[in-house]
Amino acid sequence: MNDKKITLNYIAKKANVSVATVSRVLNGNSSVDEKIKNKINKIIHSDGYNIKKTNKIKKIISVIIPDITNPFFANIIEGIENTANLYGYHIILSQFKENKDISNFKDITNIGVSGYIIIPTVGSTKYFDAIVNNSNLPVIFLDRKAELENINYVGSDNEIGAYNATKYLIDLGHKNIIYMAGPKDISTEKERFIGFIKALNDNNINFDYDKYYKIANFNFDESYNQMKEIIKSKLDYTAIFSACDIMCFGIKKATEEFGISIPDDISLIGYDNIPFSSIIGLTTVSSQAYEMGKNAVLSILNIISERITNNINIILQPNIVIRNSCKKI
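Let me begin by describing the structure that accompanies this report. (Residues numbered from 1 in each chain as written. Predicted model: local features only at pLDDT ≥ 70, side-chain atom pairs only at ≥ 80, totals over all residues. Heavy atoms only, no water.)

**Brief notes about empty space enclosed by the protein**
Applying the stated criterion across every chain, the model contains one cavity of 30 Å³ or more. Of the voids in this model, the largest cavity is the one considered here, and its volume is about 80 Å³. Elements that contribute at least two residues to the lining of the largest cavity include exactly α4 (71-86) and α8 (187-202). Of the residues belonging to the lining of the largest cavity, the class tally is four nonpolar, two polar and four charged. (1 Å grid on protein atoms, 1.4 Å probe; cavity = no way out; pocket = protein on both sides within 12 Å on 5 of 7 lines; lining within 4 Å. Points joined across faces, edges and corners; volume = space filled by probe spheres on them. Helix = DSSP H or I, 4+ residues; strand = E, 2+ residues; numbered from the N terminus. Nonpolar A, V, L, I, M, F, W, Y, C, P; charged D, E, K, R; others polar.)

Here it is, written out as structure tokens:
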């Protein structure tokens, strides 16, 4: 007898069913129609293939993030892992940087993962095209949108979150507001800036792009250096909207060195509500990171069970967490 090893993809294509259906048959799930079950079992045992060599699908979800040092992703991962464990699944956590060999992640499929949750890095969605189109496994893009067709996405409404944060500053009397930006080619940054500008426009406030738009790329050191330059420039402003909390820490460090008080001298609002934000009393926008992670896992499970067959697009609503870094003027 030939001892060739078969894959779930091979069986699924030959039986004209989904990989999830094959997986349920191999795991003894009784919900599969008897005719389909018999058809799959016949394929497994036919043509000299040996079922003992077949990999039984493992309850593992591959989670790929751009930066393991970013505390924002810690909230997401907690939501992913807690929800996965609740349903008997485990996660494999990997970090992806641009130009990294994507075959490393495609190889993960061979150990029997059930699906992928991917947070793409700057401009990196093209690297995941092979996984989306060739793995035949559920793939969820999380937090940041991917410029690929027919994808599944779970995220937060960044535009409305930034709009509400800016409106909060405006209601406190602020008009000259600096916008501290992240990388321009990340979807979350694009959406937050759109929300920021829309709030200004709706309240008849002009934004001087050349003066008040500062790029710090979601980076502590860059925001620290930008803030030092802002202080030295004697720019007329009363508040700063930072497109992520990490940059707020750099901003705060610079203001402390120059003897500038938050919120007595300037107001500061961030975005993400990372775990450390409460320590400095930062008013910020919660993008529901834990809930995003939770919904990503539930989406994977719904695709596997075929409860959902259409593309998934879940957008959670953010909320402002008011602390004490903003002041009425």
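**Remarks on the side chain of Asn75**
Along the chain, the position of Asn75 falls in helix α4. By relative accessible area, Asn75 is classed as buried at 18%. Once residues lying within four places of it in the same chain are set aside, the contact partners of Asn75 are Asn273, Ile274, Pro275, Ala289 and Tyr290. (Buried < 20%, exposed > 50% of the residue type's maximum accessible area, 1.4 Å probe, protein only. Contact = heavy atoms within 4.5 Å.)

**Some remarks on the pairing of strand β5 (residues 152-156)**
With five of five residues buried, β5 is to be regarded as a mostly interior element. Burial along β5 is two-sided: Asn152, Val154 and Ser156 facing one way and Tyr153 and Gly155 facing the other are all buried. In the sheet, strand β4 (residues 139-142) pairs with β5 via three bridges, with the strands oriented parallel. Each bridged residue has a counterpart across the sheet, and for Phe141 the counterpart in β5 is Tyr153. Judged from the four bridges that link them, β5 and strand β11 (residues 313-316) form a sheet pairing that is parallel. For Val154, the partnering residue across the bridge sits in β11 and is Ile314. (Pairing = 2+ DSSP bridges.)

**Quick notes on the packing of helix α7 (residues 158-171) against α8**
Interaxial distance between α7 and α8 falls to 7 Å at its minimum, and their mutual angle equals 40 degrees. Regarding the angle of α7 to α8, the classification is oblique. The way α7 lies across α8 gives a crossing that is right-handed. Seen from α7, the contacting residues are Asn158, Glu159, Ala162, Tyr163, Thr166, Lys167 and Ile170; seen from α8, they are Thr188, Glu191, Arg192, Ile194, Gly195, Phe196, Lys198, Ala199, Leu200 and Asp202. The residue inventory of the contact of α7 with α8, partitioned by class, reads seven nonpolar, four polar and six charged. (Axes fitted to C-alpha atoms, helices over the stretch in contact; angles between N-to-C directions. Parallel < 35°, antiparallel > 145°, perpendicular 65-115°, else oblique. Left-handed = near helix turned anticlockwise from the far one by under 90°.)

**Re unusual backbone geometry**
Cis geometry is adopted by the peptide bond preceding Pro263, which originates at Ile262 and carries an omega value of 15 degrees. Along the chain, the position of Pro263 falls in the loop between α11 (245-257) and β9 (267-271). Even without being glycine, Asn273 reaches a positive phi, approximately 55 degrees. With respect to the helices and strands, the residue Asn273 is situated in the loop between β9 and β10 (283-286).

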